[in-house]
Structures are given as structure tokens and as C-alpha cells.
Amino acid sequence: MAGKSNVFSQPLTTENVVDRIVKQITDKIISGDLKPGDKLPTEPELCQAFQVGRNSVREAIKILCAYGIVYIKRAEGTFINDRYSQKMLDPMLYGILLQGNFAEDVVLLRKVLDIGILHTVMDTVTEDQLNMLSVHLERLKTLVFAPEPDMEAIFDADVDFHMEITRFTGNEMLYSIYSYVDRITRPSRDHALQIILDKNEKNTFIELHEKIITLIRERQFDEIETTLTNHYQFWSQVI
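If you're wondering where the values come from, they're calculated on a predicted model, not measured in any experiment.

> Where do I start with the nonpolar core in this structure?
Proteins that are soluble and globular tend to have nonpolar side chains buried together. Ranked by internal contacts, the top residues of the largest apolar core, which has 40 residues, are Leu 118, Leu 140, Ile 165, Leu 193, Phe 205 and Ile 216. For this core, the secondary-structure elements that each account for two or more residues are α6 (102–124), α7 (127–144), α8 (151–167), α9 (172–198), α10 (202–217), α11 (224–231) and α12 (233–238). No other element matches the 8 residues that α8 contributes to this core. Sequence-distant contacts of Leu 193, that is, excluding residues within four places in its chain, are made with Met 151, Ile 154, Phe 155 and Phe 205.

Next up, the structure:
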């Protein structure tokens with residue numbers, strides 16, 4: 001285990017010691033010095049490596065556990081997580097929520113993600129995937145034009161439509177990040193959907209989704225940004 005403790009050779013600065021321990025351990029995972037499944041040095045070894053007290057090391061390990069970066073096996077030690085967990089993204093979520101210009105920034109974040117996702121999907125999409133997307137659209141249509149539209153069901157169907165496109169990328173990390181963006185934009189998008197129903201803009205709402213399918217099917221790369229800007233038109237009114 002001495003070999004693993006040797007990877008922590010940088011002295012800690014005077015800023016928050018616990019944060020520095022968290023950062024150094026995380027940096028070593030990013031650099032590959034620590035790999036998924038590796039066992040961390042013992043508390044005394046970490047104390048010696050960082051030249052800090054045991055309480056600081058324990059607090060840092062608690063934070064890393066909360067983030068899903070490490071986990072503790074009783075009587076065995078602390079290990080680097082070897083499987084992805086959505087709670088690893090929680091710190092990013094909280095950071096976004098605390099920003100003063102949250103609304104504008106999150107719209108841009110979603111747009112950047114959508115642009116990249118559409119570019120990726122348009123390179124690889126299959127006819128089966130396009131058919132699946134059309135099934136989602138038909139369900140959305142049925143709900144929107146129902147005699148008594150169920151707003152919650154419509155919203156969920158809209159989410160399913162966009163998440164299905166993201167699923168086409170086959171990238172689990174991207175899917176999880178997009179899920180988080182979906183989660184933090186739901187209140188404003190819910191308000192936008194209410195505007196659509198109140199102003200009887202149902203046809204426009206469906207046409208905007210049809211345009212996305214056409215965009216993907218015909219691989220209209222140069223139309224991506226314009227299509228998304230139009231797609232966000234009701235959401236933009238809320239923001």
C-alpha cells in the first residue's frame with residue numbers, strides 16, 4: 001500500500017485542507033494514478049502523505065463517499081468506485097442551481113447539448129431508431145389533441161421524445177448529464193407547455209417536433225441551430 005500513498009507527493013496549500021485532499025485524490029483518479037477498484041491507502045498513510053490530521057482525512061473520505069467517487073468496505077478499506085453513479089453529478093447540479101444567472105445559462109447549456117447530440121445522432125441514426133422516434137411523436141400527438149389534455153402526461157411524453165434522441169448516442173454519461181439538465185429545467189418548461197395549451201398552439205408544438213425528426217432523417221446539419229431556436233420559442237418566453 002505504500003506505493004499508492006506515494007502518489008500523493010504534493011504538499012497541501014493553506015486553503016481548506018479537506019478540499020485539497022478531495023481534489024488531490026480526484027486528480028489522481030483523473031490522471032490514472034488511481035484506477036477504478038483500487039484500494040486507497042489507510043488513514044494513517046494518508047495522514048502521513050498529506051501531513052494532516054486524521055479528522056481532515058476522515059472528512060475528505062466522507063465527501064468522496066457522498067459524491068460516489070469512493071466506497072467503504074467494512075474491515076477491508078476504502079476503494080475507488082468502479083461503476084458509474086448518477087450522484088457523481090450532484091455537485092454539478094447544485095453548482096448550476098446556485099448561479100445568479102441560472103435561467104439564461106441553463107438554456108444555453110441545453111442548447112449546446114442538443115446541438116452536439118443532434119450532430120452525433122445524425123451521423124449514426126438507423127431506420128429503426130427513426131421509427132421509434134416517430135412512435136414517441138404519435139403518442140405526443142394523441143395526448144396533445146385529446147379532448148381533455150393531461151398536461152402532466154404531455155410533458156412526460158415530450159421528455160421521452162428528447163431523451164430517446166439522447167439515448168441514440170449510446171453514451172451513458174451524456175444521457176445522465178442530459179437527464180440532469182432536463183430535471184433542472186422542468187419548472188420553466190412546464191410553464192412553457194401551459195402557454196402552448198392556453199394559446200392553443202398545439203399544431204405549432206407538434207410541428208416543431210416533426211421538424212426535428214425531419215432534420216435527423218435528412219441529415220440537415222446546417223439547420224440544427226435554427227431548428228433548436230424555433231423549438232425553444234415558447235420556453236424562451238418564460239425565461
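> Would you take a moment to explain unusual backbone geometry for this structure?
Trans peptide bonds make up most of the peptide bonds, and negative phi angles are found at most residues other than glycine. Positioned with a positive phi, Ala 75 is a non-glycine residue whose angle comes to about 70°. Take Ala 75: it is sitting in the loop between β1 (70–73) and β2 (77–80). Phi is positive for Arg 219, close to 50°, though the residue is something other than glycine. When its relative accessible area of 37% is taken as the criterion, Arg 219 is described as partly exposed.

> Explanation requested: the side chain of Ser 179 in the structure shown.
Mapped onto the elements of the fold, Ser 179 is located in helix α9. A polar contact is formed between the side chain of Ser 179 and the backbone oxygen of Tyr 175, at a distance of 2.9 Å.

> Would you take a moment to explain the pairing of β1 for this structure?
Consecutive side chains of a regular strand alternate in pointing toward one face of the sheet and then the other. Pairing geometry for β1 and β2, over 4 bridges, is antiparallel. In the sheet register, Val 70 faces β2, and the bridge partner there is Ile 80. Counted between consecutive antiparallel strands, the loop separating β1 from β2 contains 3 residues, among which Ala 75 sits at a positive phi close to 70°.

> Where do I start with the packing of helix α3 (residues 43–50) against helix α4 (residues 54–66) in this structure?
Each pair of packed helices gets described by two things: the angle between the helix axes and the distance between those axes. Close contact between α3 and α4 brings their axes to 9 Å; oriented N to C, the two are set at 110°. Relative to α4, α3 is oriented roughly perpendicular. Counting all contacts with α3, which are made through Glu 43, Pro 44, Leu 46 and Cys 47, the residues of α4 involved are Arg 54, Val 57, Arg 58 and Ile 61. Grouping the amino acids of the contact of α3 with α4 by side-chain chemistry returns 5 nonpolar, no polar and 3 charged.

> For this particular structure, what's the right way to read a negative patch on the surface?
Taken together, Asp 150, Glu 152, Asp 156 and Asp 190 make up a surface patch of like negative charges. Mapped onto the secondary structure, Asp 150 falls in the loop between α7 and α8.

Rules used throughout
- Residues numbered from 1 in each chain as written.
- Predicted model: local features only at pLDDT ≥ 70, side-chain atom pairs only at ≥ 80, totals over all residues.
- Heavy atoms only, no water.
- Core = buried A, V, L, I, M, F, W, Y, C linked by side-chain atoms within 4.5 Å.
- Buried < 20%, exposed > 50% of the residue type's maximum accessible area, 1.4 Å probe, protein only.
- Helix = DSSP H or I, 4+ residues; strand = E, 2+ residues; numbered from the N terminus.
- Contact = heavy atoms within 4.5 Å.
- Polar contact = N/O pair within 3.5 Å; in protein donor to acceptor, adjacent residues only side chain to side chain.
- Pairing = 2+ DSSP bridges.
- Axes fitted to C-alpha atoms, helices over the stretch in contact; angles between N-to-C directions.
- Parallel < 35°, antiparallel > 145°, perpendicular 65-115°, else oblique.
- Nonpolar A, V, L, I, M, F, W, Y, C, P; charged D, E, K, R; others polar.
- Patch = residues over 30% accessible without salt bridge, like charges linked within 9 Å, V, L, I, M, F, W, Y side chains within 5 Å.
- Areas by Shrake-Rupley, 256 points an atom, 1.4 Å probe, with all protein chains shown as cover.
- Salt bridge = Lys/Arg side-chain N within 4 Å of Asp/Glu carboxyl O.
- Lys, Arg positive; Asp, Glu negative; His and termini not counted.
- Charge placed at Lys NZ, Arg CZ, Asp CG, Glu CD.

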